[in-house]
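This is what each chain is made of:
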Amino acid sequence: AGKSLHHGFADSDRVTRIDLNRAGTPLIEIVSEPDVRSADDAADYFARMRELLVAIGVNDGNMEEGSLRCDANVSIRPGDDAPFGTRTEIKNVNSFRFLEQAITYEIARQVDVVSSGGVIVQETRLFDSATGRTESMRSKEDAHDYRYFPEPDLPPLVVPAAWVASARAALPELPEAREARFRAAYGLSDYDAHQLARLMPGAAAYFEAVVGAGASAKAAGNWILGELRRLMKDAGLEDVGAVPVSPGALAELAG
């Protein structure tokens, strides 16, 4: 993965500089089918995807540093039975809120263009969070603009079904399953189970360790979601695993 730098240097008006500091870092693209129907659904899909990638340990989920980005393709049509319209691509959106705002604007823009008798141009656009608008970046009118051709130096990769099965079997407990287990096994409320199992990094393992050390599930959850979270915020900590209070000590305090 490389990064083009178009400003910030004395000669930026004449040249583009290339930052290759991330060269050698794997780049994976996950492409969905065109089955997301609203901006808030798209943001929720992106949030759940981030949650899964962090849970299985393949991504740190840091969108500010570029570990995870979203390219949103948007097209409109008059009804579910109509063919898809011409799509535009909103490039490199780095937050759930910006993604929802960008898609909402782009849908309204395309509706306005079509309603006025205009034609949607297939292009790549960028979202300006300051103005809340998408702006044209470059046109992609033909298939060859997308580089739809075989790469001669990269032969096809055939993944055996047995390898896929073994990888699936080795997956850790996923967030939704953990949340359901916390409700069933510990009698936690929907809110507490969701917070502990999915939203607070490191909280699930810490919570179970506190319970394993003798605290009741309710007391452990209350302490972690209440006083411990407040102290973490004051200390600038995000991962419960970094808290310098052992699960045994918190269990003793809860008792």
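Refer to the structure presented above.
Residues numbered from 1 in each chain as written. Predicted model: local features only at pLDDT ≥ 70, side-chain atom pairs only at ≥ 80, totals over all residues. Heavy atoms only, no water.

K.L.:
What is the right way to read the overall build of the chain from this model?
P.N.:
Looking only at helices and strands, the chain features eight helices and six strands. Along its sequence from the N terminus, the chain presents helices and strands in the succession β-β-α-β-β-α-β-β-α-α-α-α-α-α. In terms of C-alpha radius of gyration, the chain reaches 23 Å, well past the compact-globule figure of 18 Å for 255 residues. Projected onto its principal axes, the C-alpha positions of the chain cover 70 × 50 × 45 Å. When burial is assessed residue by residue, the chain has 28% of its 255 residues classed as buried. A sequence separation of at least 24 residues applies to 47% of the contacts in the chain between residues at least 6 apart. Roughly 16700 Å² of accessible area belongs to the chain as shown, and the carbon and sulfur atoms make up 54% of that amount. (Helix = DSSP H or I, 4+ residues; strand = E, 2+ residues; numbered from the N terminus. Rg over C-alpha atoms; globule rule 2.2 N^0.38 Å. Buried < 20%, exposed > 50% of the residue type's maximum accessible area, 1.4 Å probe, protein only. Contact = heavy atoms within 4.5 Å. Areas by Shrake-Rupley, 256 points an atom, 1.4 Å probe, with all protein chains shown as cover.)

K.L.:
Got a minute to help me understand a nonpolar patch on the surface in this structure?
P.N.:
Among the surface-exposed residues, Ile 28, Ile 30, Val 36 and Tyr 45 lie close enough to one another that they form a single nonpolar patch of about 390 Å² accessible area. Among the structural elements, Tyr 45 can be located in helix H1 (residues 39-55). Accessibility expressed as a relative area gives 35% for Tyr 45, which makes it partly exposed. (Patch = residues over 30% accessible without salt bridge, like charges linked within 9 Å, V, L, I, M, F, W, Y side chains within 5 Å. Salt bridge = Lys/Arg side-chain N within 4 Å of Asp/Glu carboxyl O.)

K.L.:
Can you help me understand the sheet that holds strand E3 (residues 70-74) in this one?
P.N.:
Judged by pairing direction, the sheet is mixed, and its four strands sit side by side in the order E3-E4-E5-E6 without closing on themselves. Either end of the sheet is taken by a strand with one partner, and the two such strands are E3 and strand E6 (133-139). Across the sheet, the axes of successive neighbouring strands diverge by a mean angle of 30°, strand direction being ignored. The pairing of strand E4 (residues 88-93) with strand E5 (residues 123-128) spans two bridges and is classified as parallel. Residue pairing in the sheet places Ile 90 in a bridge with Arg 125 of E5. Running over the sheet, helix H2 (residues 96-115) touches E3, E4, E5 and E6 and is turned about 160° from E4. (Pairing = 2+ DSSP bridges. Axes fitted to C-alpha atoms, helices over the stretch in contact; angles between N-to-C directions.)

K.L.:
Help me out: how do you make sense of the pattern of salt bridges in this one?
P.N.:
Pairing between side chains becomes possible if they bear opposite charge and their charged atoms approach one another. Within this structure, the stated rule accounts for 20 salt bridges. In this structure, the salt-bridge partner of Glu 176 is Arg 48, at a minimum N-O distance of 2.5 Å. Taken as a pair, Glu 176 in helix H4 (residues 175-186) and Arg 48 in helix H1 lie far apart in primary sequence, 128 residues in all. A residue is classified by how much of its surface remains accessible, and Glu 176, at 48% relative accessible area, is partly exposed. Looking at Arg 48, the relative accessible area reads 35%, which means it is partly exposed. One salt bridge connects Glu 51 with Arg 198, and the closest N-O pair in it is separated by 2.8 Å.

K.L.:
Is there a simple way to explain a negative patch on the surface in this structure?
P.N.:
Taken together, the side chains of Asp 60, Glu 64, Glu 65, Glu 238 and Asp 239 define an acidic patch exposed on the protein surface. Here Glu 238 shows up in the loop between helix H7 (217-235) and helix H8 (247-254). On the basis of relative accessible area, Glu 238 is assigned to the exposed category, the value being 67%. (Lys, Arg positive; Asp, Glu negative; His and termini not counted. Charge placed at Lys NZ, Arg CZ, Asp CG, Glu CD.)

K.L.:
What is the right way to read the nonpolar core from this model?
P.N.:
If you look at soluble globular proteins, the nonpolar side chains tend to sit buried side by side. Core analysis: the largest hydrophobic core is formed by 23 residues, its most contacted members being Phe 182, Leu 196, Phe 207, Ile 224, Leu 228 and Val 240. When residues of this core are traced back to their parent elements, those giving at least two are helix H5 (190-199), helix H6 (203-212), H7 and H8. With near-sequence residues (within four places) excluded, Ile 224 lies in contact with Leu 196, Met 200, Tyr 206, Phe 207, Arg 229 and Leu 250. Counting 17 residues, the second largest nonpolar core, distinct from the first, contains Ala 42, Met 63, Ile 103 and Phe 127. (Core = buried A, V, L, I, M, F, W, Y, C linked by side-chain atoms within 4.5 Å.)

K.L.:
I would appreciate a short explanation of the packing of H5 against H7 in the present structure.
P.N.:
Two quantities define a packed helix pair, namely the angle between the helix axes and the distance between the axes. At a minimum axis distance of 11 Å, the contact between H5 and H7 shows a crossing angle of 65°. Handedness of the H5/H7 crossing: left-handed. Residue-level inspection shows Tyr 191, Asp 192, Gln 195 and Leu 196 of H5 in contact with H7, the latter providing Lys 218, Gly 221, Asn 222, Ile 224, Leu 225 and Arg 229. The residue inventory of the contact of H5 with H7, partitioned by class, reads four nonpolar, three polar and three charged. (Left-handed = near helix turned anticlockwise from the far one by under 90°. Nonpolar A, V, L, I, M, F, W, Y, C, P; charged D, E, K, R; others polar.)

K.L.:
Would you mind going over the pairing of E4 with me for this structure?
P.N.:
For a regular strand, side chains alternate in direction, first toward one face of the sheet and then toward the other. Within E4, five of the six residues are buried, which leaves the element mostly enclosed by the surrounding structure. Here four bridges tie E3 to E4, and the two strands are oriented antiparallel to one another. Paired with Ala 72 across the bridge in E4 is Ile 90. The parallel pair E4 and E5, bridged by H2, forms a crossover whose chirality is left-handed. (Right-handed = clockwise from strand over helix to strand, strands pointing away.)

Coordinates in, geometry out; function isn't part of it.
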